[in-house]
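# Architecture and fold: a report
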Amino acid sequence: MDWTTKLFRSLLLALAGNRAAEALALKYGLRLGADKFVAGETRAEALRTVKQLNANGLLATIDHLGEGIRHLSEAEAFRDEYLALLEDISQEEAKANVSLKPTQMGLALDPEAGYRNIREIVDKARALGNFVRLDMEDSRYTDATLQVARRLHAEGMGNVGVVIQAYLYRSEYDIRRLSSEKGNVRLVKGAYKEPKDKAYPKMSEVDIQFKRLIKRRLLSGLYTGIATHDEPIIEWTKRFVEVHQVPLHTFEFQMLYGIRMKLQEELAAEGYTVRCYVPYGRLWFPYFVRRLAERPANVAFLLKSLRKK
Ligand code: FDA
């Protein structure tokens, strides 16, 4: 990545946490171009999208957007939305689980309250035969998030899994530890702005660690979500699976809604399990800006779509 792209990426990631920019963007609503990546503002819109994806052979994981909350009452409202979402998934027989951000449940404000909110959701999911993925946020919350999952597993709730980010130096250690605990893991490259003492600064190094983690998980036989749109890495994974005769039911590919949709459907048609990450909600701004930061060409797309409006 050249220095201008790096600088641009850093500026966008800083913008993701900026309240004034968020307030301004929300005025324009999803018309700003975010509707390419966000299924809508309501649960009903998200479920409509999921049913369409299901009809095209894709599974889904649904994320109710919201992060950086200031009061526990907000966390409780988010928790209640997830409880209702799980009910609706079940009622509509949608092929979807849920993904949530631990800080949205209050983990940063009051770890014990955050834990209780997450536990309630995981408990409800268990009763409905569903699964909860704890998304991984920036490295301030890695330990606390892994701790929540560990505690829930110890309490007999196996229907919860975490995300491991290949850009963090610590991830190989975390994967080894999770493998001995038999956790269900989603592997990603990592989407946040991290300091050099925590994360590999070079994309090439992230890719090497990502492949190392994929290999380790696939050989362990423990269920793994390989979440990437990187076609060379997807092709490499397919070859690895073939050579090592990894059973197809032990992993799935995961991609984000709005990105590489054709590839998602092609992989599903080839017989791989593919899960599409479907976000919805009013608080779409930080999620949207992270998607812009991942690919500067998305900003050109955004500017073009704004000119048309
Ligand atoms: P890379 O960034 O190298 O992209 C490969 C190619 O994919 C690009 O060349 C481009 O063509 C396409 N592409 C990638 N991003 C795009 C975009 N935004 N718009 C258009 N095209 C794009 N991160 C995290 O820190 N915590 C988490 O919990 C999660 N959860 C998660 C779930 C799922 C299902 C996915 C797919 C991703 C995440 N991520 C995440 C995000 C992840 O860390 C990473 O930032 C993105 O997936 C982009 O990295 P890629 O692996 O796609 O590779």
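From a predicted model like this one, the values you see are computed outputs, not experimental measurements.

## Let's talk about the overall build of the protein
For the protein, the count of helices and strands is 12 helices and 8 strands. At 18 Å, the protein has a C-alpha radius of gyration in line with the 19 Å of a compact globule built from 309 residues. Overall size of the protein, expressed as C-alpha extent along the three principal axes, is 50 × 45 × 45 Å. Residues classed as buried in the protein amount to 53% of the 309 residues present. Excluding contacts between residues fewer than 6 apart, the proportion of contacts in the protein whose partners are at least 24 apart in sequence is 73%.

## Considering the packing of aromatic side chains
Summed over the entire model, instances satisfying the criterion amount to 9 aromatic pairs. Ring centres 5.6 Å apart and planes at 85° place the aromatic pair phenylalanine 251 and phenylalanine 253 in the edge-to-face group. Per residue, the accessibility class of phenylalanine 251 equals that of phenylalanine 253, and both read buried. Members of the aromatic cluster, each reached through a chain of ring pairs, are Phe37, Trp284, Phe285 and Phe288.

## Remarks on the site of the ligand
Taken together, 24 residues are adjacent to the ligand, and Gly190, Thr228, His229, Glu294 and Asn298 come closest. Interatomic distance of 2.7 Å between a side-chain N/O atom of histidine 229 and an oxygen atom of the ligand. Contacts to the ligand include arginine 291, whose backbone N or O atom sits 2.9 Å from a nitrogen atom. Burial of the ligand by the surrounding chains reaches 88%, relative to a free accessible area of 920 Å². Here the ligand is seated within the largest pocket.

How each quantity is defined
Residues numbered from 1 in each chain as written. Predicted model: local features only at pLDDT ≥ 70, side-chain atom pairs only at ≥ 80, totals over all residues. Heavy atoms only, no water. Helix = DSSP H or I, 4+ residues; strand = E, 2+ residues; numbered from the N terminus. Rg over C-alpha atoms; globule rule 2.2 N^0.38 Å. Buried < 20%, exposed > 50% of the residue type's maximum accessible area, 1.4 Å probe, protein only. Contact = heavy atoms within 4.5 Å. Phe/Tyr/Trp six-rings, centres within 6.5 Å; stacked < 30°, edge-to-face > 60°. Near = heavy atom within 4 Å. Polar contact = N/O pair within 3.5 Å; in protein donor to acceptor, adjacent residues only side chain to side chain. Areas by Shrake-Rupley, 256 points an atom, 1.4 Å probe, with all protein chains shown as cover. 1 Å grid on protein atoms, 1.4 Å probe; cavity = no way out; pocket = protein on both sides within 12 Å on 5 of 7 lines; lining within 4 Å. Sits in = over half its atoms within 2 Å of the grid points.

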